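Summary of the model geometry
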Amino acid sequence: MTLRLILTRHAKSDWDNPLDSDHSRPLSARGVDAAPRIGRWLSGKGYLPGQALVSDATRTRQTWDLIAAELPDAPVPEVDRYLYLAGPDVLLGRLRRATAPCVMLVAHNPGIGEFAAAVLQSPVAHDAFNRYPTCATLVAEFDLPDWSSLDYKTGRAADFIVPRDLD
């Protein structure tokens with residue numbers, strides 16, 4: 001069975017309010033513009049998640065909401081506080097409990113970028129992949145019976161994009 005994973009780093013956040021905690025920082029105007037464009041790209045490519053795992057930070061929830069608005073039949077997100085600033089091992093553990101054939105995970109750097117690199121058999125040939133900038137999105141595929149078999153170095157990159165590619 002081919003499983004598909006969509007890994008998206010949250011869109012650009014707003015640093016203007018010094019009273020905002022890191023957890024509560026909202027998206028900037030640039031982030032509000034970028035996230036729906038990623039959603040339209042996903043929809044146009046047919047990369048449609050049946051399950052969405054989203055960090056509970058404000059910026060990740062807003063990123064998901066803006067992406068989901070562009071997807072037909074977007075799932076209700078599973079908002080998870082353990083995904084906030086999670087490292088690769090936490091992300092791997094959470095994904096091993098996923099249930100849909102296509103899962104989207106919206107989280108933070110450095111964890112999501114490190115996880116994206118670690119889960120692939122070979123790196124993506126894109127100059128932004130190693131930086132995993134805001135709203136970077138990897139689509140990876142795995143020939144596995146189910147998500148419980150997910151491990152590092154088992155996926156292949158099907159696609160990768162950053163908002164700048166959509167300009």
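Scroll up a little and you will see the structure.
Residues numbered from 1 in each chain as written. Predicted model: local features only at pLDDT ≥ 70, side-chain atom pairs only at ≥ 80, totals over all residues. Heavy atoms only, no water.

Summarising burial for strand 2 (residues 51–55): 5 of the 5 residues are buried, a large majority. Across the two faces of strand 2 the burial is the same, with Q51, L53 and S55 and A52 and V54 all buried. In terms of strand pairing, strand 2 meets strand 4 (residues 102–107) through 4 bridges, oriented parallel. Pairing of Q51 across the sheet is with V103, part of strand 4. As defined by bridge partners, strand 2 adjoins strand 3 (residues 78–80) across 3 bridges and the pair is classed as parallel. The residue of strand 3 that forms the bridge with V54 is V79. Between the parallel elements strand 2 and strand 3, the chain passes through helix 2 (residues 58–68) in a crossover that is right-handed. (Buried < 20%, exposed > 50% of the residue type's maximum accessible area, 1.4 Å probe, protein only. Helix = DSSP H or I, 4+ residues; strand = E, 2+ residues; numbered from the N terminus. Pairing = 2+ DSSP bridges. Right-handed = clockwise from strand over helix to strand, strands pointing away.)

It is worth spelling out the environment of I67 at this point. Here I67 lies in helix 2. Sequence-wise, I67 and A157 are 90 residues apart; in three dimensions their C-alpha atoms are separated by 21 Å. Filtering out sequence-adjacent residues up to four positions away, I67 remains in contact with T8, A35, I38, G39, L42 and M104. (Contact = heavy atoms within 4.5 Å.)

The subject of this paragraph is the environment of P72. When you line up the elements, P72 lands in the loop between helix 2 and strand 3. For P72 and G46, which are 26 residues apart along the polypeptide, the C-alpha to C-alpha distance reads 9.9 Å.

Residue position: T63 is located in helix 2. Within the local environment of T63, its side chain forms a polar contact with the backbone nitrogen of A11, the two atoms lying 2.9 Å apart. A distance of 2.7 Å separates the side chain of T63 from the backbone oxygen of R59, its partner in a polar contact. Residue contacts for T63: discarding those within four places in its chain leaves R9, H10, A11, L27, A35, V106 and C135. (Polar contact = N/O pair within 3.5 Å; in protein donor to acceptor, adjacent residues only side chain to side chain.)

This brings us to the pairing of strand 4. With 6 of its 6 residues buried, strand 4 lies for the most part within the structure. Along strand 4, one buried face is formed by C102, M104 and V106 and the opposite face, lined by V103, L105 and A107, is buried too. Across 6 bridges, strand 1 (residues 2–9) lies against strand 4 in parallel orientation. Residue pairing in the sheet places R4 in a bridge with C102 of strand 4.

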